[in-house]
Structures are given as structure tokens and as C-alpha cells.
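So you can see what is in the structure, the chains are spelled out below.
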Amino acid sequence: MSKTENSQKPHDRMADFLQSDMEAVNVLIRERMASKHAPRIPEVTAHLVDAGGKRLRPMLTLAAAHLCGYGGPYHVHLAATVEFIHTATLLHDDVVDESGQRRGRPTANLLWDNKSSVLVGDYLFSRSFQLMVETGSLRVLDILSNASATIAEGEVLQLTASQDLRTTEEIYLQVVRGKTAALFSAATEVGGVIAGAPDAHVAALFDYGDALGVAFQIVDDLLDFQGDQKVTGKNIGDDFRERKLTMPLIKAVAKADETERAFWRRTIEKGQQEAGDLDQAIALLHKHNALSDTNIAARAEAARAKAALRPLPDHPVKDMLSDLADYVVERIN
């Protein structure tokens, strides 16, 4: 590996390796997000698609297909499918969360309106199903349709769990496996399936995607309290202000005394937040080592992702996937 390659971030190395495939994915996305009768659809979709995201999920599908020796065209369809599902969920999430910023830019619901975001999200879900059907694989359709249902289920569970101080880490992880990890694991799994990989390899790819997705979300939740806004595109404490019980908060609540529990009840359950509450919340997270313990949990998931790769054949992509698991948790630094 050259010095330049060594200094590149893992997802950039993967993007370079998959460049021609990703170009084909981008062409397909632009073709399928077009609408003859409703120009609002490509306007809203392009705002998100062009926002500079890493396209990590579609790259995982392409990488898994390459790792398993696939030589056909349909990994491009599946990668576009995964990106459409992801974009649809982002549009819906921003409406549910009443968000005003994503990736450092105004959200679609802020620039247009909630109705446009919801309906364009629905359109992209429909387009994603058209794309996956074109592969002719019932197994692929089963995996991605199940993932779509699981994502929605995770979002609904979060609605009821996120402001309830009785929410445990087990419930939190169930939410994370729904709203985030389900698409990561489906993205890697369908890459193996379309390549006709052995069941053991497909299972390994699923396990890798699941662990990577869980690690990714835990790190995101951790960065909400200690990240750099210029890097994350989010304000510090957005989850606290939105009263989301993420892993750092759950860990702090579990160790809280009665005075601290009263603070959490007021700010999270009742939503009665005042000036200085965020600083107090962060102080309590440090007091109970909630941030460092969450860091440990994220690194354990990254280690699980790397371990899942062991049964898979040697390939340059395999090394990139392993490095990617490390990079996801290195974002904490």
C-alpha cells in the first residue's frame, strides 16, 4: 500500500476501488428519481442526494458483491435501491424530528414543506421496490422488504421509548437495529446473495453489516454530546433538546440519584428545559462515565464487525471493510 493510500480514509479507498460502479449507481439514481409529472420530486430528492453524503450504504452492497466474486449488473440496481430506501427514511425522519439541518444544510421539509418531504419519501420507497424487483431475485426482495418494515418499526418504537426513563439499553439497541443497522445488514447481505455466495458467507456479511450499523449509530449518539459541529453537521446536544434517550443518557440515568432523576424527568420526560440544562446534562454524563462507557460499547461492536469478516475470502475489499469498522469508532477522536 502506498503512502497516499495509507493516508486515505477507508470509505475513500473503497470509493476509489468502486468508482466505476458508483458512477453507474449515480446514473441510475438520477434516472429513477426523475418524474414526468411532478418536478418537485427530483428537486427534493436532488437536495438530499447532492448534499455530500458518503454513500456508505450503497458502497457496502457493491463491496459485498465484489468480495463474493459477482460479475453481473444487478449489484448496481441493489446499491441504488439501498440509497433510495436510505434517502426516503431521511426525508421522513426530518419531518418526525422537526429537524432544520442535515449534513450542514437546511432540511427538505424546511426548504419546501412536510407534505413534500413525506410524499417524495413515499415515491422513493416505491422506486426502490421497482429496482429490487428488476433483479429477479425473490430472496433479495424478501431481505430488502423486511429491512424496510424493520426500519419503520424501529422508528415507531423510538417514538414511545425515547422519552421514557424506563427505557433500557436493550430497548435502545432494538431501536438502533431497526432504524439504522437493518439497512446496513441488508446492504451487505444482498450483495452476497446476488453473487450467489454460500450461506455461511451471506450470514457473515449480514453479521458484519449489523455490527457496523450498531457501532455507527452508537458513535453518532456519542458525537451528539462531544462532536465537532463542522464535521457532524449537527449542533451539540440536539438529541438532548429533542428529548431522545440515547445510550449515553440511558447509562447516566441508570446511575442517577433521586435529585438527578428529577432533573432527567423534567428535561426528558416533561420537556421542561431551561438555560444551562445541556451543560448540566453533559456534566452528569461525565460524572457517571457515560460517555467513556458508550465509547467502549461502540468499540465492542466494531470488533464484532471485524470478527464477522473472518470466514470471508481474502480480497482487497475485505481489508477495506475491516478498516472501515475501525474508522467508524475512530470518529470519536
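Note: the structure precedes this text.
Residues numbered from 1 in each chain as written. Predicted model: local features only at pLDDT ≥ 70, side-chain atom pairs only at ≥ 80, totals over all residues. Heavy atoms only, no water.

1. Here we look at the environment of F125
Moving on, step 1. Positionally, F125 belongs in helix α8 (residues 114–133).
Moving on, step 2. Once the C-alpha coordinates of F125 and T81 are considered, the two residues, 44 residues apart in sequence, prove to be 8.6 Å apart.
Moving on, step 3. Apart from the residues within four sequence positions on either side, F125 is in contact with I85, A88, T89, H92 and S148. (Helix = DSSP H or I, 4+ residues; strand = E, 2+ residues; numbered from the N terminus. Contact = heavy atoms within 4.5 Å.)

2. Here's the deal with the packing of helix α14 (residues 247–254) against helix α17 (residues 290–308)
Moving on, step 1. Running from N to C, α14 and α17 cross one another at 125°; their axes reach a closest spacing of 9 Å. Taken together, the axes of α14 and α17 are oblique relative to one another. By crossing handedness, the relation of α14 to α17 is classed as right-handed. Contacts between α14 and α17 involve M247, P248, K251 and A252 from the former and A290, L291, D293, T294 and A297 from the latter.
Moving on, step 2. A breakdown of the residues in the contact of α14 with α17 according to their chemical character gives six nonpolar, one polar and two charged. (Axes fitted to C-alpha atoms, helices over the stretch in contact; angles between N-to-C directions. Parallel < 35°, antiparallel > 145°, perpendicular 65-115°, else oblique. Left-handed = near helix turned anticlockwise from the far one by under 90°. Nonpolar A, V, L, I, M, F, W, Y, C, P; charged D, E, K, R; others polar.)

3. Some details on the side chain of Q158
Moving on, step 1. Take Q158: it is sitting in helix α9 (residues 138–161).
Moving on, step 2. On the basis of relative accessibility, which here comes to 12%, the residue Q158 falls in the buried class.
Moving on, step 3. Aside from chain neighbours lying at most four places away, what touches Q158 is V175, K179 and K244. (Buried < 20%, exposed > 50% of the residue type's maximum accessible area, 1.4 Å probe, protein only.)

4. What to know about the environment of A15
Moving on, step 1. Summarising the element assignment, A15 is placed in helix α2 (residues 10–17).
Moving on, step 2. Each C-alpha atom, one on A15 and one on A63, is 9.6 Å from the other, the two residues being 48 residues apart in sequence.

5. Re the packing of α2 against helix α18 (residues 316–330)
Moving on, step 1. Contact geometry of α2 with α18 gives a least axis separation of 8 Å together with a crossing angle of 150°. Put simply, α2 runs roughly antiparallel to α18. You can see that α2 and α18 cross each other, and the crossing is left-handed. Between α2, through P10, H11, R13, M14 and F17, and α18, the contact on the second element is made entirely by P316, V317, M320, L321, D323, L324 and Y327.
Moving on, step 2. Among the residues forming the contact of α2 with α18, the class breakdown is nine nonpolar, one polar and two charged.

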